[in-house]
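# Architecture and fold: a report
Read off the chains here:
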Amino acid sequence: MRFMSFNTQHCFNYIEKKIDFDIMAKAIRDLDVDVVGLNEMRGLGSDPEYTAQVERLARMTGMEYFYFAKAIDIENKGPYGNGILSKIPILKAETLPIPDPSPHKYSGYYETRCVLKAHLEGNITVLITHFGLNPDEQENAVKTIVDNLSEEKCILMGDFNATPEKSVLDPLRSRLFDTADKFDTEKLSFPSDAPDRKIDYMFTSRDVEVIDADIPPVVASDHRPYVATLLL
């Protein structure tokens, strides 16, 4: 099976600076994937630009199964969060809130985040998330993930807003396999036109065989997609 992690920046074309469903759907179709984890997706709201983006991409890519996990409501506009598209039946999906740090330990921007947890046919567990920018937010995200991992057939992916050397990722690496270990050379994911850092990830439980992994040079969103071929 082919898995993909993709921060679409609400389906915003990074070069043309406009919402562009066609370029996002093309990136997904061209990479021929079975399951896609999406970050920074909008849901249906009062603002006309807040549409059911996950459902629309599902239709455009021919991926029958989908779920939108709201993390926050943008004031007077609509919901915002993560999503999943799948060719494999989704038996159950839920939105797990990541607790906000209290009090905030840093002066940076804080935003409530969530983990999308989906159970697919074949006893496959998929976790999709988007970490906050501050270390205490990221620590809470890691704890939420660790509490919800499955030891078998588990895939974790998303935009972690942390580069690989950050120690906040250590609890995940101690339990899971980092598919980036399959890269033949260093691969960076952000910004998409001239990437200078890797902040997007895909981890698997250790019973999953990773055939290959890549961050292809696709410029659609501000992030490049991350793909991996897994034997489950």
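See above for the structure.
Residues numbered from 1 in each chain as written. Predicted model: local features only at pLDDT ≥ 70, side-chain atom pairs only at ≥ 80, totals over all residues. Heavy atoms only, no water.

## A look at helix H1 (residues 21-30)
The complete set of buried residues in H1 reads Phe21, Met24, Ala25, Ala27 and Ile28. Each buried residue of H1 sits inside an arc of 155° when the element is viewed along its axis, so together they form one side. Seen from the open side of H1, the exposed residues pointing more than 90 degrees away from its buried face are Asp22 and Asp30. The secondary structure elements touched by the buried residues of H1 are strand S1 (2-7), strand S2 (12-13), strand S3 (18-19), strand S4 (35-42), helix H2 (53-61) and strand S6 (78-86). One side-chain oxygen of the residue at the start of H1 lies 3.2 Å from the amide nitrogen of Asp22, identifying that residue as Asp20. Looking one or two places after H1, you find Asp32, whose phi comes out positive at around 50°. (Buried < 20%, exposed > 50% of the residue type's maximum accessible area, 1.4 Å probe, protein only. Helix = DSSP H or I, 4+ residues; strand = E, 2+ residues; numbered from the N terminus. Arc of directions from axis to C-beta. Contact = heavy atoms within 4.5 Å. Polar contact = N/O pair within 3.5 Å; in protein donor to acceptor, adjacent residues only side chain to side chain.)

## Digging into the side chain of Lys187
With respect to the element layout, Lys187 can be found in the loop between strand S11 (177-178) and strand S12 (200-204). Looking at Lys187, its side chain comes within polar contact range of the side chain of Asp214, at 3.0 Å. If sequence neighbours within four positions are ignored, Lys187 has contacts with Lys198, Asp214 and Ile215.

## Observations concerning the sheet that holds S4
Pairing within the open sheet is mixed, and its 6 strands lie in the order S5-S6-S4-S1-S14-S13. What marks the edges here is a single partner per strand, and that holds for strand S5 (65-74) and strand S13 (209-214). Sheet twist, expressed as the average angle between the axes of neighbouring strands with direction ignored, equals 15°. Where S5 lies against S6, 9 bridges are found, and the strand directions are antiparallel. (Pairing = 2+ DSSP bridges. Axes fitted to C-alpha atoms, helices over the stretch in contact; angles between N-to-C directions.)

## What about the nonpolar core?
Counting 24 residues, the largest nonpolar core has Phe3, Ile84, Leu120 and Val126 as the members making the most contacts within it. Beyond its immediate stretch of four places on either side in the chain, Leu120 contacts Val35, Ile84, Ser86, Ile88, Pro89, Ile90, Leu91 and Val126. Among the nonpolar cores identified, the runner-up in size contains 20 residues, and Met24, Val33, Val36 and Leu57 belong to it. (Core = buried A, V, L, I, M, F, W, Y, C linked by side-chain atoms within 4.5 Å.)

## A closer look at the packing of H1 against H2
Contact pair H1 / H2: the axes reach a minimum separation of 9 Å and the direction vectors enclose 55°. Regarding the angle of H1 to H2, the classification is oblique. Handedness of the H1/H2 crossing: right-handed. On the side of H1, the interface is formed by Phe21, Asp22, Met24, Ala25, Ile28 and Arg29, while H2 contributes Gln53, Arg56, Leu57, Met60 and Thr61. (Parallel < 35°, antiparallel > 145°, perpendicular 65-115°, else oblique. Left-handed = near helix turned anticlockwise from the far one by under 90°.)

## Considerations on the packing of aromatic side chains
Inspection of the entire model under this criterion finds 5 aromatic pairs. With centroids separated by 4.3 Å and ring planes inclined at 5°, the aromatic side chains of Phe131 and Phe160 adopt a geometry described as stacked. Here Phe160 lies in the loop between strand S10 (154-159) and helix H4 (170-173) and Phe131 lies in the loop between strand S9 (124-130) and helix H3 (135-146), a separation of 29 residues in the sequence. With respect to burial, Phe131 and Phe160 carry one shared label: buried. Ring geometry for Phe183 and Tyr226: centres 5.6 Å apart, planes at 45°, overall tilted. (Phe/Tyr/Trp six-rings, centres within 6.5 Å; stacked < 30°, edge-to-face > 60°.)

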